[in-house]
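Understanding the architecture of this molecule
Listed below are the residues making up each chain.
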Amino acid sequence: MNLENLTQQIKMKPDLEFGSIFSRSFDLFKKVWLQGFIILLLTFVVILPFYIVMYIPMIAMGITDPEALQHNEFPPLLAIAMSILVPVFVIGATTFALALNAAFLRICRQKDIGDETSDDYFFYFKEGRLGKVFILALYTFGLSILGALACGVGMFYVMVPVSLIPAFLAFSNELSPLEMVKASFTLGNKNWLVIFGLVFVTAFVAQLGFVLCCVGVLFTAMLGKVPAYYMYKDGVGFNQEV
């Protein structure tokens, strides 16, 4: 389906219902909590090298000139290195996080329709798909920068379409990265308040795992990702199984 047809399909769909998506997300999470936990662990594993690379200049500075860090001085060379490495870290981490989140939403779809196909956590790391994910990560990074520049208020606006990008990556993979972003804005603008409420509330509920000696959050954190599946299912719809 091309972007024009997809946009028309979104416009013809009824508005999203907060209560329906919220309750169904809990029901589906009961089926995918283990897969969510695995996705979370994989995210930590693939992002860890980026953390190490980002801190290499500071570690090197601490070894070669420890007095500079002790006096809270920030040498120009270190500032330049960090200004280069931080965007690289953010874009790299976003790329892998997007790929894993999209894979998680595909698994949600499979569990929802009773598909017994084995879980493929690395679906977007294969067959050249990661290139499209990387471009989406660049768009996501750019949108976040624009939102931050708008006195922070823009962040609240862009967080809604940005939260939908993994769903369009998972279920509208025939679109180009830019078209996925445009479709995310179309669906997000139509149902902005409902989606914002779902993102905020489910993220808050997901963090309640901290009450279980903090370890429980590892099992509940991915609850906040499940509503995106139903946002796509109710707001766009599926023309074929994925």
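Computed from a predicted structure; not experimentally measured. (Residues numbered from 1 in each chain as written. Predicted model: local features only at pLDDT ≥ 70, side-chain atom pairs only at ≥ 80, totals over all residues. Heavy atoms only, no water.)

1. What to know about the packing of helix 6 (residues 153–171) against helix 7 (residues 177–190)
Look at helix 6 against helix 7: their axes get within 8 Å of each other, and the N-to-C directions meet at 125°. Considering the angle they form, helix 6 stands oblique to helix 7. You can see that helix 6 and helix 7 cross each other, and the crossing is right-handed. In contact with Tyr157, Val160, Pro161, Leu164, Ile165, Phe168 and Leu169 of helix 6, helix 7 contributes Met180, Val181, Ala183, Ser184, Phe185, Leu187, Gly188 and Asn189. (Axes fitted to C-alpha atoms, helices over the stretch in contact; angles between N-to-C directions. Helix = DSSP H or I, 4+ residues; strand = E, 2+ residues; numbered from the N terminus. Parallel < 35°, antiparallel > 145°, perpendicular 65-115°, else oblique. Left-handed = near helix turned anticlockwise from the far one by under 90°. Contact = heavy atoms within 4.5 Å.)

2. Describing the packing of aromatic side chains
Counted under the stated rule, the structure contains 16 aromatic pairs. With a centroid separation of 5.0 Å and an interplanar angle of 70°, the aromatic rings of Phe22 and Phe26 are classed as edge-to-face. Of this pair, Phe22 and Phe26 both sit in helix 2 (residues 18–64), four residues apart, which is roughly one turn of that helix. Taking the relative accessible area as the measure of exposure, Phe22 reaches 21% and is therefore partly exposed. Owing to a relative accessible area of 30%, Phe26 belongs among the partly exposed residues under this scheme. Connected via pairs of aromatic rings, a cluster forms that spans Phe168, Phe171, Tyr229, Tyr230, Tyr232 and Phe238. Sitting over the face of the ring of Phe123, Arg106 holds its NZ or CZ atom 3.8 Å from the ring centroid. Positioned above the aromatic ring of Phe238 is the side chain of Arg109, whose terminal nitrogen or guanidinium carbon lies 3.8 Å from the ring centre. (Phe/Tyr/Trp six-rings, centres within 6.5 Å; stacked < 30°, edge-to-face > 60°. Buried < 20%, exposed > 50% of the residue type's maximum accessible area, 1.4 Å probe, protein only. Lys NZ or Arg CZ within 6 Å of the ring centre and 35° of its normal.)

3. Looking at unusual backbone geometry
In the Ramachandran plot, Glu127 falls in the positive-phi region, its phi being about 55° despite a non-glycine side chain. Topologically, Glu127 is positioned in the loop between helix 4 (76–112) and helix 5 (130–149).

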